[in-house]
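Examination of the molecular architecture
The chain contents come next:
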Amino acid sequence: MAGLSSAVGTLPTGTAYAIWVGIGADGTVGYSMASGAEEASLAKVLLLICLIGCVIGLKLVHEG
């Protein structure tokens, strides 16, 4: 929560929350696949990569 609180200081609330949720979802699914709790597939990995790209894009759009 400290990270989200810090991000809201420099980003709009909606953008900060979207980035926070994206990172959390990506980390949770990535951990589940790495630990073997969830089966990894090419589609899931590609979608996670797209999610990371969208998070980066949100940050870049805010700066530009």
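Above this note sits the structure.
Parameters and conventions
Residues numbered from 1 in each chain as written. Predicted model: local features only at pLDDT ≥ 70, side-chain atom pairs only at ≥ 80, totals over all residues. Heavy atoms only, no water. Helix = DSSP H or I, 4+ residues; strand = E, 2+ residues; numbered from the N terminus. Buried < 20%, exposed > 50% of the residue type's maximum accessible area, 1.4 Å probe, protein only. Contact = heavy atoms within 4.5 Å. Areas by Shrake-Rupley, 256 points an atom, 1.4 Å probe, with all protein chains shown as cover. Core = buried A, V, L, I, M, F, W, Y, C linked by side-chain atoms within 4.5 Å. Expected span 1.5 Å × (residues − 1).

1. Here we look at the overall build of the protein
- Of the regular secondary structure elements, the protein holds three helices and zero strands.
- Order of helices (α) and strands (β) in the protein, N terminus to C terminus: α-α-α.
- Along the longest, intermediate and shortest principal axes, the C-alpha atoms of the protein span 35 × 25 × 15 Å.
- Out of the 64 residues belonging to the protein, those deemed buried represent 17%.
- For the protein, the share of sequence-separated contacts (at least 6 apart) that also reach a separation of at least 24 residues comes to 44%.
- A total accessible area of about 4400 Å² is found for the protein, and carbon and sulfur atoms account for 72% of it.

2. Remarks on the environment of V8
- Examined against the element boundaries, V8 turns out to sit in helix α1 (residues 2-8).
- With a relative accessible area of 35%, V8 lands in the partly exposed category.
- V8 sits 11 residues away from I19 along the chain, and the two C-alpha atoms are 11 Å apart.
- The residues touching V8, leaving out its near neighbours within four places in the chain, are T13 and A16.

3. Considerations on the nonpolar core
- Residues L4, L11, A16, I19 and V55 constitute the largest nonpolar core, which totals five residues.
- Setting aside residues no more than four positions away along its own chain, A16 makes contact with L4, A7, V8 and L11.

4. Re the side chain of S32
- Mapped onto the secondary structure, S32 falls in helix α2 (residues 13-35).
- For S32, a relative accessible area of 18% puts it in the buried group.
- The residues contacting S32, other than those within four sequence positions of it, are A37 and E38.

5. Describing α2
- With 23 residues, α2 ought to run about 33 Å at 1.5 Å a step, and its terminal C-alpha atoms sit 33 Å apart, in line with that.
- Taken as a whole, α2 has its buried residues at T15, A16, I19, G22, D26, S32 and M33.
- Check the buried side of α2 and you find it contacts α1 and α3 (42-63).
- A positive backbone phi angle near 90 degrees is found at G36, which sits one or two residues after α2.

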